[in-house]
Amino acid sequence: MKIKRAILLVVVIVLAIMLWNAFTQEGVNDLKTEFREVAFYRNENNTGPVKRVYVVTVSDTTWSELEAFGNFQPHNKLGTTEVFFFLKGSQTPAKLNNTAPYFPAEFNTAVVGKYEKNASGLTSFRKYPMD
């Protein structure tokens, strides 16, 4: 009977630790910079590479936070995720095309950063990528 109680206690402790870790992980809401998604595109392909493109306005250009925001975005194996960052209050595209360039060239000067995760899972972040 003591062995059953010991095993039960260990199982309960392990489950409690797992739940605590699951609910206390950092997320987008823990970043100090204010992010607002303005436009989003996702192709309809569910059996092959999934392409996601975001246009996000930011309150500040804290580069590490912009890159962290990109890392929090969903990504599929063999797919790509791209996030274009614009300063809050600047002119941003409201609709995205399905091929690059995803928005008209008139918005290029307002892009302050671009995050990309490619099909291999490698990430890149560039400051002022359209200059």
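For the structure itself, consult the block above.
Residues numbered from 1 in each chain as written. Predicted model: local features only at pLDDT ≥ 70, side-chain atom pairs only at ≥ 80, totals over all residues. Heavy atoms only, no water.

A separate point is the sheet that holds strand β3 (residues 80-87). Spatially, the five strands line up as an open sheet ordered β1-β2-β3-β4-β5, and their pairing is mixed. What marks the edges here is a single partner per strand, and that holds for β1 (35-42) and β5 (123-127). Going from strand to strand, the sheet's axes swing by 15 degrees on average, the running direction of each strand aside. Two elements, β1 and strand β2 (residues 51-58), share seven bridges in a ladder whose sense is antiparallel. Bridge pairing in β2 places R36 opposite T57. Sheet strands touched by helix α2 (residues 63-72): β1, β2, β3, β4 (111-117) and β5. Its angle to β5, the strand with the most contacts, is close to 145 degrees. (Pairing = 2+ DSSP bridges. Helix = DSSP H or I, 4+ residues; strand = E, 2+ residues; numbered from the N terminus. Axes fitted to C-alpha atoms, helices over the stretch in contact; angles between N-to-C directions. Contact = heavy atoms within 4.5 Å.)

A few words on the pairing of β4. Successive residues of a regular strand alternate their side chains across the two faces of the sheet. For β4, a buried count of six out of seven residues is recorded, marking the element as mostly surrounded by other parts of the structure. Where β3 meets β4, six bridges bridge the pair, whose relative direction is antiparallel. Residue pairing across strands places T81 opposite K117, the latter belonging to β4. Of the pairings in the sheet, the one linking β4 to β5 comprises five bridges and is antiparallel in character. When the sheet's bridge partners are listed, Y115 is paired in β5 with F125. (Buried < 20%, exposed > 50% of the residue type's maximum accessible area, 1.4 Å probe, protein only.)

Here the structure, examined in full by the defined rule, presents eleven aromatic pairs. Taken together, a centroid distance of 6.4 Å and an interplanar angle of 80 degrees make the contact between F103 and F107 edge-to-face. F107 gets classed as buried once you look at its relative accessible area, which sits at 9%. (Phe/Tyr/Trp six-rings, centres within 6.5 Å; stacked < 30°, edge-to-face > 60°.)

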